[in-house]
Amino acid sequence: MATNPGFGARACGRASRLTAALAATVVASVASADTDVAGVTMTGTIEFGGRTTWLQGDSSQFENYRDLRDGAIGSFDLLFENPERSWFLRGTGWNVGYDNQAYSLDVGRYGLFELSSFYDQIPIVFSNNARSLYREVQQGVLVLPAGVQATIAGAGGGAARSAAVQAALANARPVALEYRWLRTGADGALHVTPEIELFTSYQLIDKEGHRALPQQFGSPGGTFTTLAAPVDEQIHEVRAGGRWSREKVAFSLEYVGSIFLQEVDSITADNPLVAADVVGDARRGRTSVAPDNQAHQIILTGSGVLPIGFDNRLNGSIAYQRRLQDDGFLPQTINPAVVALSPSASSLDGKVNAVLGNLAWTGRPVDGLTLKARYRIYDFDNSTDAVLVPEHVVNDEDLSTTPFQSVHSDYRKQNASFFAVVDLPARITPHVGFEYEHWDRSRDREVADLDEYGPVVKVDWRVTERVQLQTDYAYKRREGSSYGTLNPAIAQLGAVEAANEAPILQSPLLRQYTQADGNYHDLDVQGRFLPCETLDLGVSGGLTLSDYFDSRLGLSESKAWNVGGDAGWRPHARVGVTAWYQYDREVWDQDQRWRPRSFINPPTFNIVDSPLNDWMSETEDQYHTAGVRIDVALIEGLLDGEVGYIVHHGRSKTRSSGPAAAVTAPPPTTGGDGGAAVDWPEITNTLHALTTSLSLHLTDAVTLRGQYRFEDFNLDDFTIPSSTFLPGSNNNSADVWLGEALR
């Protein structure tokens, strides 16, 4: 994104610090042991108390996924039973009255039936101080205040436009960038006989609020804006089925239905830099959202013993799913100045058939030998008819007369494995096996057939009663059919047009790492040591190497390793200490090529594709996590104390290197950076969390607990804007950012 200081320059990155303390959290816990209430036995706990919080820094970082407002807090878990203990009623509640509250209610008769219900919600907070010029006049329709478009568009470019935008931004209003994730439902089970059980359930997931949505006007390089777009979605899920089981045989049959409902048809917003619709410029833009869809699934599972003369067990399942989506297509453009021919269909009429099958067998033909075999198949059959688009409109502005058709990918994935587990003397148990995976993809993918296979070895060694070691090693080789870079374009545009546009498509040397040939090594080592009765030590380490040997461009190699340890120590009967540390490091090496082009009227490609423009990058991530916890019985049976501390530090760095002099395209050209490879700024994040608590046991049933928690989070990330951007443009002007960061 280009930056023009005259339009309102911003810092290229973000450094934020969050310091929060939850102090004076006091909770009284009342526990009941077989208390009789009106002839009903009650057991459980009730907690109530208060909380206060001090906060300095980015509040959205602190409040995401949780609600820690000051005030009274409480939770409960109560079980009621009749004197014979044949009927029961259980209710639970957590964080009662807050935005991240959760409840459940269960009732039933032991061995006959159970009915359960639940409700919980979580706040998803992106920013607490974002501002926007846009007004949502109806759901999904956002407009600028009267006269703003005309004033900015009429100001021309450069300093005059910057002044007009800055004047308009003075009237930006706060906007809530958050939504509520709610989940509720009920389920039930009926035990018809000891062998037969029927069950059913219903679940609703509801999301409502606003989140940031980028919207672009024109082809790449044109105006863009970011909106506080409404979120109003629901997922309804229904399950019903039955189980039948005996000592050696069991079967179940289940139906699962899922319906996704989108209450927002589309997102429409004013273009802040254009006041009138013309060919090449649109005063409004429209973005589609996820459409309504549904899925229906039948699942059959079974298990049993094969009559082969030794102990064994066979488990299997098969599931068939039908997915449907038939929302009507939106008009190609909201710009009345551009007219395009309609697609060959008014809706997708999408139909997908998916089949999942699993088989797992375990047998013990002789003492000391266990055999394990598995097979899995997943077949994804997209039977949706192709939709022909004779003309299409690019971002509500420009008409393209190049026809294309929709592409619907199919694939089949199969996995098989076989393992032998041998119990050897000296308490050594090796696991030796072989794993195989095969992909069969449709012709629109770069690689149609892909195989991945290799041996797996695992050794468990119980050296002594106090020392245990475990080592795992796996090697995989991936080999595919010939790589067809143009296959996706051929499926969409046809062979002739794809060949014509090949110079500006992906380089034939580029390989997607998910479909690239390669070798993989994975090693894990774990150990457990008990030097004495009061000390427990654990160590672990791992190494993963991936080599994409046939990838001239793209990801060529990746490496990852980790090491860690934990300790549990009880120096005194009333003192317990736990400590741990984990270090992780990952490195990705990539080879790329800068391919500049000339812009000549009429348009021609004039692509410069030279190995002299190759450049390399290395991305490295490192993470350190450590913690300690001390539990002390200060006064045995009366007063307990706890102190815990966790620190996490992560850093990410990308280093690049390239040629001293690159081959450029003849003028006229964009110029660009001349192929220069630069190092990206480092990204770091650090979290410190300290927790202390005291628990006073007033009686066997009543406990008073106080807790103090301190958190300090520091983030320095150039990829996250220092504030919310509403509106903005990179068309001969800079970005405008308002408010707190988006994550």
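To be clear, the structure that these remarks concern was listed above.
This section reports on the structure supplied with the text.

Rules used throughout
- Residues numbered from 1 in each chain as written.
- Predicted model: local features only at pLDDT ≥ 70, side-chain atom pairs only at ≥ 80, totals over all residues.
- Heavy atoms only, no water.
- Pairing = 2+ DSSP bridges.
- Helix = DSSP H or I, 4+ residues; strand = E, 2+ residues; numbered from the N terminus.
- Axes fitted to C-alpha atoms, helices over the stretch in contact; angles between N-to-C directions.
- Patch = residues over 30% accessible without salt bridge, like charges linked within 9 Å, V, L, I, M, F, W, Y side chains within 5 Å.
- Areas by Shrake-Rupley, 256 points an atom, 1.4 Å probe, with all protein chains shown as cover.
- Salt bridge = Lys/Arg side-chain N within 4 Å of Asp/Glu carboxyl O.
- Buried < 20%, exposed > 50% of the residue type's maximum accessible area, 1.4 Å probe, protein only.
- Contact = heavy atoms within 4.5 Å.
- Polar contact = N/O pair within 3.5 Å; in protein donor to acceptor, adjacent residues only side chain to side chain.

1. Overview of the sheet that holds strand β8 (residues 135–138)
Spatially, the 4 strands line up as an open sheet ordered β8-β9-β15-β16, and their pairing is mixed. Among the strands making up the open sheet, the edge pair consists of β8 and β16 (284–288). Taken pair by pair, the neighbouring strands of this sheet meet at an average axis angle of 25 degrees, ignoring direction. Of the strand pairs in this sheet, strand β15 (residues 266–270) and β16 are connected by 5 bridges, and their pairing is antiparallel.

2. Side note on a nonpolar patch on the surface
There is a patch of nonpolar side chains on the surface, built from V432, V457, Y473, L523, V525, L543 and L545 and spanning about 490 Å² of accessible area. Elements that contribute at least two residues to the nonpolar patch include exactly β29 (518–532) and β30 (535–547). Considering the arrangement of structural elements, one finds V525 in strand β29.

3. Brief notes about the environment of R651
The topology assignment puts R651 in strand β34 (residues 639–657). When its relative accessible area of 18% is taken as the criterion, R651 is described as buried. Those residues within four positions of R651 in sequence are excluded, and the remaining contacts are E620, D621, Q622, E682, I683 and T684. One polar contact links R651 to E682, side chain to side chain, over a distance of 2.6 Å.

4. Notes on the side chain of S610
Its location among the elements puts S610 in the loop between β32 (575–593) and β33 (614–635). The exposure class of S610 is buried, given its relative accessible area of 13%. Once you skip the residues sitting within four places of it in the chain, S610 turns out to touch R593 and V663.

5. Concerning unusual backbone geometry
Peptide bonds are trans in most cases, and residues, glycine excluded, mostly fall at negative phi. Of note in this structure, R85 is not a glycine but carries a positive phi near 55 degrees. Its place among the elements puts R85 in the loop between β3 (71–81) and β4 (87–94). Of the residues examined, R85 reaches a relative accessible area of 37% and is grouped as partly exposed. At D349, a residue that is not glycine, the phi angle is positive and equals roughly 50 degrees. Positionally, D349 belongs in the loop between β18 (311–325) and β19 (350–366).

That is the geometry; function is a separate question.
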